[in-house]
Amino acid sequence: QLRDLDMVNDQHIQALIESVSKTLEEFQLEGVSNVEGDCLVALSKCAKLSSLELVSVYVSDQVLKEIFVNKTFVLSSLVLQSIYKATEQGMLYAAQGSLRARSLCLGSLDYVSDISFITGFMTSCMEIETIELYGLYKLTSDSFATLARNLTRLRSFKAGNMRLATIEAGLLDLPRWCPHLRVLHLPGCHGSFSDPLAAVVKILREAANLKELYLPTCDLSRATESSFEGLGPCQLEVLNMDNSRITSPALIALLKTVPQLRTLSLKDCPVTDACLADMPATQPFLECLSLEYCRQITDAGLMHVGGLSRLHTLRCPPSVPSGPVLVSVMARAPCLRRLTINLDTHMQPAWIYILEKYPETLIVH
């Protein structure tokens, strides 16, 4: 791993790669400003190389050609982010040299004018199980639909800093084309689905094997108790609805369809105490709960958290808990070991009690 090394140049890196070429298995180069990329050609001779990560570096199409066309290695993981100078032709060379890759991450390719090279990647790398796309604003709906149809083995898809409106059609078809999909993360995507509520219901209905769903800022303010009727029990274990504006009645109905949750994040959602009152009954496996900035939660509601017998991580609302409630929750939740709360002087007696009772295992932020 070479990161942010201002005094390192091409000669240094080439000598390093050549000195370990017979044993090198993983190589990561990030933010090394004095490197022009020619030194990376030496990677083509590293026969045991299985993981390659290039982030914020200058690499030309010619260098990518020499690395991937003349390669002796078989990659299982490839990360190309903020590759300055490389165009779509360089990306195609990388695709041709990554036929066996199972994990792919592409992002912020500012010199790429035609994002259709994604199609080349997908038709070449048929064994991909994990894909991450970040900052690819030029990705079209057609290219994304082609991507979805070719990723039949896909298990994890993550996308960030992209415009949902341009990839919505293909994104919502992912569960249909990718029957093994387990993880769907969309952090930091700009805009929204044309109909956010319908999109979420479609994903939950069609992604039968989905385990993790991360949809922050997806506006569910229109959702009601009846919005999730007809949805059978889902296999979701991780659900992130941060800033989704979902109300307590709708959330209560939604949680009844996901009885196997391990992690639930509701940061800055307008949920109330009523939602927490139902959780011990509907979420017996819940281990991590985030209620940060949920300003309508009171001490009375937080008392119900103590009924979550497996809970080990709790991120509390901004104004609670008070000292006595904190003591009560800790006493009733035997697995709770990690807290994020606002520390105030009125909680000092509670802190003394808790730190004496759990001196080695409690982690507090």
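All figures in this text were calculated on a predicted structure; none of them were measured in a lab.

Engineer: Mind laying out helix α2 (residues 61-68), listing which residues take part and the relevant values?
Structural biologist: Residues separated by three or four positions in an α-helix point in the same direction, a consequence of the helix having 3.6 residues per turn. Residues D61, V63, L64, I67 and F68 constitute the buried set of α2. One side of α2 carries all its buried residues, which in axial view fall inside an arc of 160°. As for α2, its buried residues are in contact with β3 (51-58), β4 (77-84) and α3 (88-96).

Engineer: Talk me through the pattern of salt bridges; I want residue IDs and the actual numbers.
Structural biologist: The final tally for this structure, using the stated rule, is eleven salt bridges. Between D173 and R176 there is a salt bridge, with its nearest N and O atoms 3.2 Å apart. Of this pair, D173 and R176 are both found in helix α6 (residues 164-177), three residues apart, which corresponds to roughly one turn of the helix. A salt bridge links D219 to R245; the shortest N-O distance between them is 3.2 Å. Of this pair, D219 sits in the loop between β9 (212-214) and β10 (238-240) while R245 sits in the loop between β10 and α8 (248-255), placing them 26 residues apart in sequence. Take D219: its relative accessible area is 28%, and that puts it in the partly exposed class. Take R245: its relative accessible area is 48%, and that puts it in the partly exposed class. When salt bridges with common partners are traced through the structure, they connect R100, R102, E127 and E129 into a single cluster.

Engineer: So what's going on with the nonpolar core? Which residues, and what values?
Structural biologist: Counting residues in hydrophobic clusters, the biggest one holds 111 residues, and the most contacted among them are F27, L40, F157 and L289. The contact partners of L289, leaving out residues within four places of it in the chain, are L264, L276, M279, V305, L308, L311, T313, L314 and R315.

Engineer: Pulling in residues and values, what's your account of the side chain of S290?
Structural biologist: On the secondary structure map, S290 appears in strand β12 (residues 288-290). At 3.4 Å, the side chain of S290 forms a polar contact with the side chain of E292.

Engineer: Break down the pairing of strand β2 (residues 26-30) for me, with residues and values.
Structural biologist: In this sheet, β2 lies alongside strand β1 (residues 2-3) in parallel orientation, the contact comprising two bridges. Note that in β2 the partner of R3 across the bridge is E30. Following the backbone out of β1, through helix α1 (residues 10-19) and into the adjacent parallel β2, one traces a crossover that is right-handed. Pairing geometry for β2 and β3, over five bridges, is parallel. Note that in β3 the partner of Q28 across the bridge is E53.

Engineer: How would you explain the environment of I17 if you had to name every residue and give the values?
Structural biologist: Positionally, I17 belongs in helix α1. Since its relative accessible area comes to 1%, I17 is described here as buried. The residues touching I17, leaving out its near neighbours within four places in the chain, are F27, C39, L40, A42, L43 and C46.

Engineer: Describe in detail the pairing of strand β6 (residues 130-134), supporting the description with residues and values.
Structural biologist: Consecutive residues of a regular strand have side chains that alternate between opposite faces of the sheet. Covered by surrounding structure in β6 are I131 and L133 only, the residues T130, E132 and Y134 on the alternate face being uncovered. Summarising the sheet, strand β5 (residues 103-107) and β6 pair through five bridges and their orientation is parallel. Its bridge partner lying in β6, L104 is registered against I131. Each parallel crossover has a hand, and for β6 linked through helix α5 (residues 141-150) to strand β7 (residues 156-160) it is right-handed.

Engineer: Let's hear about the environment of H12: which residues, and what values?
Structural biologist: Counting through the fold element by element, H12 comes out in helix α1. Residue H12 is classed as partly exposed on the basis of its relative accessible area of 44%.

Engineer: Got a sec to walk through the side chain of T282? Specific residues and values, please.
Structural biologist: Mapped onto the secondary structure, T282 falls in helix α9 (residues 273-282). Residue classification places T282 among the buried residues on the basis of a relative accessible area of 18%. Dropping the residues within four chain positions of it, T282 is found in contact with L255, K256 and P259.

Reading the values: the criteria
- Residues numbered from 1 in each chain as written.
- Predicted model: local features only at pLDDT ≥ 70, side-chain atom pairs only at ≥ 80, totals over all residues.
- Heavy atoms only, no water.
- Buried < 20%, exposed > 50% of the residue type's maximum accessible area, 1.4 Å probe, protein only.
- Helix = DSSP H or I, 4+ residues; strand = E, 2+ residues; numbered from the N terminus.
- Arc of directions from axis to C-beta.
- Contact = heavy atoms within 4.5 Å.
- Salt bridge = Lys/Arg side-chain N within 4 Å of Asp/Glu carboxyl O.
- Core = buried A, V, L, I, M, F, W, Y, C linked by side-chain atoms within 4.5 Å.
- Polar contact = N/O pair within 3.5 Å; in protein donor to acceptor, adjacent residues only side chain to side chain.
- Pairing = 2+ DSSP bridges.
- Right-handed = clockwise from strand over helix to strand, strands pointing away.

Spatial relationships are all this shows, so hold off on functional conclusions.
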